[in-house]
Amino acid sequence: MTDSPPSKAANQMWGGRFSAGPDAIMQAINASIGFDQRLYAQDIAGSRAHAAMLAAQGIISNKDAEAIGEGLLAILSEIEAGQFPFTPELEDIHLNIEARLTERIGEAGKRLHTGRSRNDQVAVDFRLWVRDQCDQAIAGLTGLMRAFLAQAEAGADWVMPGFTHLQTAQPVTWGHHMLAYVEMLARDRSRFEDARRRMNECPLGAAALAGTSFPIDRHMTAKALGFDRPTANSLDSVSDRDFALEFLSAASICAMHLSRFAEELVIWSSAQFRFVRLSDRWTTGSSIMPQKKNPDAAELLRAKLGRILGATVALFTVMKGLALTYSKDMQEDKEQVFDAADNLMLGLAAMTGMVGDMAANREVLAAAAASGFSTATDLADWLVRALGLPFREAHHVTGALVAMAEAQGIDLPQLSLAQMQSVHPAITAEVFSVLGVENSVRSRTSYGGTAPERVREQIARWKAILG
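Criteria and cut-off values
Residues numbered from 1 in each chain as written. Predicted model: local features only at pLDDT ≥ 70, side-chain atom pairs only at ≥ 80, totals over all residues. Heavy atoms only, no water. Axes fitted to C-alpha atoms, helices over the stretch in contact; angles between N-to-C directions. Helix = DSSP H or I, 4+ residues; strand = E, 2+ residues; numbered from the N terminus. Left-handed = near helix turned anticlockwise from the far one by under 90°. Contact = heavy atoms within 4.5 Å. Nonpolar A, V, L, I, M, F, W, Y, C, P; charged D, E, K, R; others polar. Phe/Tyr/Trp six-rings, centres within 6.5 Å; stacked < 30°, edge-to-face > 60°. Buried < 20%, exposed > 50% of the residue type's maximum accessible area, 1.4 Å probe, protein only. Lys NZ or Arg CZ within 6 Å of the ring centre and 35° of its normal. Patch = residues over 30% accessible without salt bridge, like charges linked within 9 Å, V, L, I, M, F, W, Y side chains within 5 Å. Areas by Shrake-Rupley, 256 points an atom, 1.4 Å probe, with all protein chains shown as cover. Salt bridge = Lys/Arg side-chain N within 4 Å of Asp/Glu carboxyl O. 1 Å grid on protein atoms, 1.4 Å probe; cavity = no way out; pocket = protein on both sides within 12 Å on 5 of 7 lines; lining within 4 Å. Points joined across faces, edges and corners; volume = space filled by probe spheres on them. Core = buried A, V, L, I, M, F, W, Y, C linked by side-chain atoms within 4.5 Å. Expected span 1.5 Å × (residues − 1). Parallel < 35°, antiparallel > 145°, perpendicular 65-115°, else oblique. Disulfide = S-S within 2.5 Å. Pairing = 2+ DSSP bridges.

Teacher, can you tell me more about the packing of helix H9 (residues 174-199) against helix H20 (residues 452-466) here?
A pair of packed helices is characterised by two quantities: the angle between their axes and the separation of those axes. Their axes nearest at 10 Å, the elements H9 and H20 cross at an angle of 35°. Judged by the twist between their axes, the crossing of H9 over H20 is left-handed. Between H9, through Gly175, His176, Leu179, Val182, Glu183, Ala186 and Arg189, and H20, the contact on the second element is made entirely by Val455, Gln458, Ile459, Arg461, Trp462, Ile465 and Leu466. Within the contact of H9 with H20, the residues separate by chemical class into 8 nonpolar, 3 polar and 3 charged.

How should the packing of aromatic side chains be read in this particular structure?
Here the distance between the centres and the angle between the planes together describe a pair of aromatic rings. This structure, assessed with the given rule, holds 14 aromatic pairs. When the ring of tryptophan 174 is compared with that of tryptophan 268, the centres are 5.6 Å apart and the planes differ by 45°; the resulting orientation is tilted. Here tryptophan 268 lies in helix H12 (residues 242-268) and tryptophan 174 lies in helix H9, a separation of 94 residues in the sequence. Tryptophan 268 matches tryptophan 174 in its accessibility class, with the two residues each being buried. Here the aromatic rings of tryptophan 268 and phenylalanine 275 are separated by 6.2 Å at their centres, their planes lie at 50°, and the arrangement is tilted. An aromatic cluster of three or more residues is present, and its members are Phe148, Phe163, Trp174, Tyr181, Phe261, Trp268, Phe273 and Phe275. Against the face of phenylalanine 227 rests arginine 131, its NZ or CZ located 4.7 Å from the ring centre. Directly above the aromatic system of phenylalanine 126 lies the positively charged group of lysine 334, at a separation of 5.4 Å from the ring centroid.

Any chance you could explain a nonpolar patch on the surface here in plain terms?
Taken together, the side chains of Leu209, Leu235 and Leu324 define a hydrophobic patch exposed on the protein surface, amounting to about 270 Å² of accessible area. Within the fold, leucine 235 resides in helix H11 (residues 234-239). Its relative accessible area of 34% is what places leucine 235 among the partly exposed residues.

So what exactly am I meant to see when it comes to the layout of surface pockets here?
Any space left empty among the atoms is revealed by the rolling of a water-sized probe across them. Roughly 490 Å³ of internal volume is contained in the largest pocket. Residue lining of the largest pocket: 22 residues in total, with Gly162, Phe163, His177, Arg260 and Glu264 positioned closest to the centre. For the lining of the largest pocket, the secondary structure elements donating two or more residues are strand S1 (159-164), strand S2 (167-173), H9 and H12. Taken together, the residues of the lining of the largest pocket sort by class into 11 nonpolar, 7 polar and 4 charged.

Explain the nonpolar core here, please?
The nonpolar side chains of a soluble globular protein tend to be buried with one another. In terms of nonpolar packing, the biggest core is built from 98 residues, with Trp174, Phe192, Phe261 and Met351 touching the most fellow members. Looking at which element gives the most residues to this core, the answer is H12, with 16 residues. In contact with tryptophan 174, other than residues within four places in its own chain, are Gln151, Gly155, Trp158, Met160, Trp268, Val276, Met358, Ala360 and Leu365. Counting 19 residues, the second largest nonpolar core, distinct from the first, contains Leu379, Val397, Leu401 and Leu412.

Explain helix H5 (residues 62-80) here, please?
The periodicity of an α-helix, 3.6 residues per turn, causes residues three or four places apart in sequence to face the same way. A rise of 1.5 Å per residue sets the reference length of H5, with its 19 residues, at 27 Å; its end C-alpha atoms lie 27 Å apart and thus fit the reference within 8%. Where H5 is concerned, the buried positions are Asp64, Ala65, Ile68, Gly69, Gly71, Leu72, Ile75, Leu76, Glu78 and Ile79. Each element contacted by the buried residues of H5 is listed here: helix H4 (40-56), helix H6 (93-105) and helix H7 (107-110). Taken from the residues just after H5, glycine 82 is the one with a positive phi, measuring 75°.

Can you walk me through the side chain of serine 440 in this structure?
Relative to the assigned elements, serine 440 resides in helix H19 (residues 437-443). A relative accessible area of 1% means that serine 440 is categorised as buried. Once residues lying within four places of it in the same chain are set aside, the contact partners of serine 440 are Pro171, Thr375, Asp378 and Val434.

Would you take a moment to explain the packing of H12 against helix H13 (residues 296-319) for this structure?
Contact geometry for H12 and H13: axes closest at 8 Å, N-to-C directions at 160°. Classified by the angle between their axes, H12 and H13 sit roughly antiparallel to one another. Where H12 crosses over H13, the two elements pack in a sense that is left-handed. A per-class count over the contact of H12 with H13 returns 17 nonpolar, 4 polar and 3 charged.

Please clarify how the state of the cysteines should be interpreted in this entry.
Each disulfide consists of one covalent bond between the sulfur atoms belonging to two cysteines. In this structure the tally under the stated criterion is 0 disulfides. Lacking any disulfide linkage, cysteine 134 is separated from the closest cysteine sulfur, that of cysteine 254, by 11 Å. Residue cysteine 134 is classed as buried on the basis of its relative accessible area, which comes to 0%. Free cysteine: cysteine 202, not disulfide-bonded; nearest cysteine sulfur from cysteine 134 at 16 Å. For cysteine 202, a relative accessible area of 0% gives the class buried.

Explanation requested: the pairing of S1 in the structure shown.
Remark: a regular strand shows side chains that alternate across the two faces of the sheet. Examined bridge by bridge, S1 and S2 share 6 bridges and lie antiparallel to one another. Residue proline 161 lies in a different strand from S2, and its bridge partner there is proline 171. Counting the residues that bridge the hairpin from S1 to S2 gives 2 residues, and of these histidine 165 lies at a positive phi of roughly 60°.

Got a minute to help me understand the pattern of salt bridges in this structure?
One side chain can pair with another of opposite charge once the charged atoms of both are near each other. Under the definition given, this model contains 29 salt bridges. Linking arginine 38 and aspartate 342 is a salt bridge whose minimum nitrogen-to-oxygen distance equals 2.8 Å. In this pair, arginine 38 sits in the loop between helix H3 (33-36) and H4 while aspartate 342 sits in helix H14 (residues 334-357), placing the two residues 304 residues apart along the sequence. On the accessibility criterion, arginine 38 (35% relative accessible area) is partly exposed. The network of salt bridges with common partners includes Glu78, Arg100, Glu103 and Arg104.

This is the structure we're talking about:
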């Protein structure tokens, strides 16, 4: 095979979009302004803090610092008003803002970049943005926890079936089931809080990779931007994206939890279950079947996990092979995080709305709780407590009674005492006190159990925590 130049036809295939040839392609792959303009507020905040520090250290004049600060605020207003002229030729948000600043205030604008690099500039911008998203996620999770808590309080003693393998297992209470998601979401919230604490170090001042010879005060800029301290190693400062990976990891676990409840909503709202009714705000109709009420919001929430988890895997893949310090590969960090954050916040808002609006069908839940021999474990436990049987023998006796009831098409409480005694003669009428689903849930009084009194204790605990 020869190294002959590509044909005209080949050039047209790979370059058809670009009238200017390879230079235009390079600009398209190199520019990030199409997405990193979302960092404008963080970029301006970082630049204002940097300019104030340069003046305080005598590196630039107070007059220049004042002009820079006022100019950056004017640019912020332009962007927020939709009047800022973003220019792809200037590659990214940093150069776009700096060029506009120089247009507005002249030579002073050119002094802003003293003692820093785009490497530490983007590192601080992105870290500030992700920190803001952690705050939003924490707030969104708190609202969703409150929605589940309200459902738990309303139905603290409503009985429903608990499932394993999506088969009826034991009766539980609606409040207990709702509180399970409060616990999950609390772990999600703690992960975002923990990630926020760990990321709250300021990379500004690390410059390109080695620090700077200017007498900057990194503690001043860190404090001005709300960080706990400056980062301690300039190489790590510009090459670290752990904060984004931690955010994505926490977002992925959170989205998985949302997806699990979304799946339950899809099942529970079906005609076969009828456990809950979703409001019209979160459902759609069918174009051909007038009876349909589709749980589209819940279904879309299930799918959001794919996008968020995909973003997590994508950024891990970008970062896994990069030697210290900065490489242009890291420009691919932002779009994934932006998309994941957008979808997580949308998912939290939608789920909060659905949980707040959903209405549990108490009668259907109670009927389902009594089906499928759901009190079989209560019977086995009674045989152990009342008759002193070893649990394995009690399990065998209970299995025989279940088989007897199943053969007759009835449930355990409908067996007569004589029928039960035909399996084990020591059984007494006291056994019927544990076979009702209400009795079953009341008996589960161990800490963290489904008994209404335990559920109400947990509701009170979470109300105190959430305020």
